[in-house]
Amino acid sequence: MRARMWSSLNEWLWQDRFWLPPNNSWADLEDRDGLVYAHPQDLLAALPLALALVAMRFTFERLIGLPLSRWLGVQDQARRPVEPNATLEKHFLMEGWKPDKPRIAVLATQCGLTLRQTQRWFRRRRNQDRPCLTKKFCEASWRFLFYLCSFIGGLSVLYHESWLWRPAMCWDNYPNQPLKPALYCWYLLELSFYISLLITLPFDIRRKDFKEQVAHHLVTIILITFSYSANLLRIGSLVLLLHDSADYLLEACKMFNYTHRRRVCNSLFLIFSLVFFYTRLVLFPTQILYTTYYESIANSSPFFGYYFFNSLLVILQLLHVFWSCLILRMIHSFIKKGQMEKDIRSDVEESASSEGEEHPQLKNGAAQGPQAVPTDGLRSRAAGQLANGHMLVS
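From a predicted model like this one, the values you see are computed outputs, not experimental measurements. (Residues numbered from 1 in each chain as written. Predicted model: local features only at pLDDT ≥ 70, side-chain atom pairs only at ≥ 80, totals over all residues. Heavy atoms only, no water.)

Here the focus is the overall build of the protein chain. Looking only at helices and strands, the protein chain features 15 helices and two strands. Scored against the burial criterion, the 394 residues of the protein chain give a buried share of 45%. Long-range contacts, defined here as pairs at least 24 residues apart, represent 79% of the contacts in the protein chain between residues at least 6 apart. For the protein chain, the exposed area adds up to about 22200 Å²; of that, 61% sits on carbon and sulfur atoms. (Helix = DSSP H or I, 4+ residues; strand = E, 2+ residues; numbered from the N terminus. Buried < 20%, exposed > 50% of the residue type's maximum accessible area, 1.4 Å probe, protein only. Contact = heavy atoms within 4.5 Å. Areas by Shrake-Rupley, 256 points an atom, 1.4 Å probe, with all protein chains shown as cover.)

See below:
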C-alpha cells in the first residue's frame, strides 16, 4: 500500500504540466545523440557534498582561519565570568535572557542581591553566550573564500556564453537546452553550499536578521532545485552569479572590521554597497525579473512553473530591499559620524551603559544617596576623578 501511494504521489508530482511549458514532456529531455540534459535525480549528489563542505569548513576554521585571525591581531574581548546563581540561571534559560525591570526587582529580592548586581549578572550572562571575535572572523573567512571562488568559477563558466550578456537568449529553444558539465558542477556546488549553511545554522553566529537569512537560504535552495529540474539553468546561473558578485565583498569587509583596520573596512563597505545596489536593485529587477516575467513566455503560454519560479524571485527581491534598507542605515551613520559602525545585524557586547544600569551620581567627589562616599581620604579623591570625566567601570 505504501509503495502504491508513493508511486501515485511521485507520478502526480512530476507531471509535465507542472514543470515544463505546454507541448513539452520529460521524454523530450532524455539523453540522446551524445546530448546530456539535466535530470532531477542528479541533485541527490548535493547531500553528501554538503556534508563534505561542513567538514571542510570546520577544518578550515581550525587550521587556517584561527591561526590567520591571530596573525592579523584579532583579539577577543575579556569577559568576566558570572557568579553561579541557580535562580537567575533558571530564569535565563527558561523564561528569558533579558527580563524587564519589574522582573529583575523580584529576582533581586529572591536572591538577596541589589538591583544593579542582578542587572550586571544578566548582562555578563548574555555576553558569555555571545560569539567571540575569532569565531566571527573564522566564519567570515570561510564564506569569503567560498563566495570568491564561486564567483570566479561561475564567471569562467559563463563568460563565453551568449546569455550572460543578453538574458533574453536564456529562452532560445527552451526547454531543449543540453547541459554542460562545467555548469552542472558549479550548480551542484552552489546547492551544496546553501544546504551546508542550513546544517550549520545552530553553530553559526545568530544575527538580528536570522529569520530573513533562513528564508533566503530556503528560497535559494528551492530556486536552484526547481531551476535545475525544469532545465532553467541559464537564467538560474545568472541569478547565482549576480548574487556572488557582492557577497565576497561583504565577507571581506567583516574580516577587516574584526582586525580593526577601519580604513580598509570602510572602503570595502562602500564598494560593496555600490555593487549590491547595482546588482540587486537595478540588474535583478530590470534584467532577471523582466526576462522571466515577459520574455520567458514570448513563444509559449504561462504554466505552473512560470508562476512558481517568478514568485520565488519576487520573494528574493523583497529580501534585497530589506537588506538595502539596513545598508542605507549604515551608510547614513557613516556620513553622519565619519566612521563605519558595527554591523547593525550583529549581537554586540553589552556594557553597563547599554544595559541602562543605574549608577550613583557623583558630584564634587561625593556620591549622592544613602551610600555616600566619605568626603576625605582615598575613596573621596577617586570619586573626584570619576566625576571629572572618567567613566565608572562595573
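Ring pairs (aromatic) are described by centroid distance and by the angle formed between their planes. Considering all chains together, one arrives at 26 aromatic pairs under this definition. Between Trp 19 and Phe 226, the aromatic rings sit 5.1 Å apart at their centres with planes inclined by 25°, giving stacked as the arrangement. Placement of the pair is Trp 19 in helix α2 (residues 16-19) and Phe 226 in helix α10 (residues 210-229), with a sequence separation of 207 residues. With centroids separated by 5.6 Å and ring planes inclined at 25°, the aromatic side chains of Phe 151 and Tyr 248 adopt a geometry described as stacked. One end of the pair, Phe 151, is in helix α7 (residues 133-158); the other, Tyr 248, is in helix α11 (residues 233-258), and 97 residues separate them in sequence. For Phe 151, a relative accessible area of 17% corresponds to the buried category. Tyr 248 sits in the buried class, given a relative accessible area of 17%. (Phe/Tyr/Trp six-rings, centres within 6.5 Å; stacked < 30°, edge-to-face > 60°.)

What follows covers the pattern of salt bridges. One pass over the structure, following the stated rule, counts six salt bridges. Glu 61 is the partner of Arg 57 in a salt bridge, and the nearest nitrogen-oxygen pair spans 2.8 Å. In this pair, Arg 57 and Glu 61 both sit in helix α3 (residues 46-71), four residues apart, roughly one turn of the helix. Accessibility expressed as a relative area gives 5% for Arg 57, which makes it buried. Residue Lys 180 is joined to Glu 161 by a salt bridge in which the shortest nitrogen-to-oxygen separation is 2.7 Å. Of this pair, Lys 180 sits in the loop between α8 (162-165) and α9 (181-199) while Glu 161 sits in the loop between α7 and α8, placing them 19 residues apart in sequence. Assessed through its relative accessible area of 45%, Lys 180 is described here as partly exposed. Through salt bridges with shared partners, a single ionic network connects Arg 57, Glu 61, Glu 139 and Arg 143. (Salt bridge = Lys/Arg side-chain N within 4 Å of Asp/Glu carboxyl O.)

For the rest of this paragraph, the subject is α9. Between its first and last C-alpha, α9 extends 27 Å over 19 residues, near the 27 Å set by a 1.5 Å rise per residue. Residues of α9 that are buried include every one of Leu 183, Trp 186, Tyr 187, Leu 188, Glu 190, Leu 191, Ser 192, Phe 193, Tyr 194, Ile 195, Ser 196 and Leu 197, and no others. Where α9 is buried, its residues contact α3, α7, α10 and α11. (Expected span 1.5 Å × (residues − 1).)

Another aspect to go through is a nonpolar patch on the surface. Side chains of Trp 6, Leu 9, Trp 12 and Leu 13 sit close together on the surface and give an oily, nonpolar patch of about 470 Å² of accessible area. Residue classification places Trp 6 among the exposed positions, given a relative accessible area of 59%. (Patch = residues over 30% accessible without salt bridge, like charges linked within 9 Å, V, L, I, M, F, W, Y side chains within 5 Å.)

Relative to the assigned elements, Asn 257 resides in helix α11. Once you skip the residues sitting within four places of it in the chain, Asn 257 turns out to touch Arg 262 and Cys 265.

Another point: the packing of α9 against α11. When two helices pack together, their arrangement is captured by the angle between the axes and the distance separating the axes. Following both chains from N to C, one finds α9 and α11 inclined at 55°, their axes separated by 11 Å at the closest point. Classified by the interaxial angle, the pair formed by α9 and α11 is oblique. Where α9 crosses over α11, the handedness of that crossing is left-handed. For the pair α9 and α11, contact is made by Leu 183, Trp 186, Tyr 187, Glu 190 and Tyr 194 and by Leu 233, Gly 236, Ser 237, Leu 240, Leu 241, Asp 244 and Asp 247, respectively. Here the contact of α9 with α11 is composed, by residue class, of seven nonpolar, two polar and three charged. (Axes fitted to C-alpha atoms, helices over the stretch in contact; angles between N-to-C directions. Parallel < 35°, antiparallel > 145°, perpendicular 65-115°, else oblique. Left-handed = near helix turned anticlockwise from the far one by under 90°. Nonpolar A, V, L, I, M, F, W, Y, C, P; charged D, E, K, R; others polar.)

Running from N to C, α9 and α10 cross one another at 150°; their axes reach a closest spacing of 9 Å. In terms of axis orientation, α9 runs roughly antiparallel to α10. Judged by the sense of rotation from one axis to the other, the crossing of α9 with α10 is left-handed. Along the contact surface, α9 presents Tyr 184, Tyr 187, Glu 190, Leu 191, Tyr 194, Ile 195, Leu 197 and Leu 198, while α10 presents His 216, His 217, Leu 218, Thr 220, Ile 221, Ile 224, Thr 225, Ser 227 and Tyr 228. Grouping the constituent residues of the contact of α9 with α10 by class yields eleven nonpolar, five polar and one charged.

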